[in-house]
Amino acid sequence: MKELFPAKQVGGYIFSLVFTLIALLVYFLDFTFPIAMSILLVTAFVQATVQLVLFMHAGETEDGKAIYTNVLYGIIIAVVTIIGSLLILIWDM
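Residues numbered from 1 in each chain as written. Predicted model: local features only at pLDDT ≥ 70, side-chain atom pairs only at ≥ 80, totals over all residues. Heavy atoms only, no water.

J.: I would appreciate a short explanation of the packing of aromatic side chains in the present structure.
T.: The geometry of two aromatic rings is summed up by the distance between their centres and the angle between their planes. For the structure on display, the rule yields 2 aromatic pairs. Ring centres of Phe15 and Phe19 lie 4.8 Å apart, and the angle between their planes is 75°; this geometry places the pair in the edge-to-face category. On the criterion of helical spacing, the pair formed by Phe15 and Phe19 is a turn pair, its members being 4 residues apart in helix α1 (residues 7-28). (Phe/Tyr/Trp six-rings, centres within 6.5 Å; stacked < 30°, edge-to-face > 60°. Helix = DSSP H or I, 4+ residues; strand = E, 2+ residues; numbered from the N terminus.)

Structure representation (structure tokens):
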């Protein structure tokens, strides 16, 4: 039976709005730099996870495991690239 009301999608949309408002509050309130960046990093990853799971329907197909594996691989490549760039450009290693 098909749902008449997309409760998961509406909940995900509200959840995304809440995390966007949290990021906006970080901008307007006077947080120290490390605290502000930590809050923004956590909200960004949580919001990206909500987008991937609820709106891109990553887990609803038989290829769900492959999709999650590819996303994890992409995140690992991005982190290695960023850390390598910081090592070379900023820390002179």
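J.: What is the right way to read the side chain of Ser16 from this model?
T.: Structurally, the position occupied by Ser16 is in helix α1. Those residues in contact with Ser16 that lie beyond four places of it in its chain are Gln47, Val50, Gln51 and Phe55. (Contact = heavy atoms within 4.5 Å.)

J.: When you look at the packing of α1 against helix α2 (residues 33-55) in this model, what are you seeing that I'm missing?
T.: Axis angle and axis distance: for two packed helices, these are the angle between their axes and the distance between the axes, and together they describe the pair. Closest axis-to-axis distance for the α1/α2 pair is 10 Å, and the angle between their directions is 165°. The angle between the axes of α1 and α2 places the two elements in the roughly antiparallel class. Read as a crossing pair, α1 and α2 show a hand that is left-handed. Here Lys8, Gln9, Gly12, Tyr13, Phe15, Ser16, Phe19, Thr20, Ile22, Ala23 and Val26 of α1 come into contact with α2, specifically with Ala36, Ile39, Leu40, Thr43, Val46, Gln47, Val50, Gln51, Leu54 and Phe55. (Axes fitted to C-alpha atoms, helices over the stretch in contact; angles between N-to-C directions. Parallel < 35°, antiparallel > 145°, perpendicular 65-115°, else oblique. Left-handed = near helix turned anticlockwise from the far one by under 90°.)

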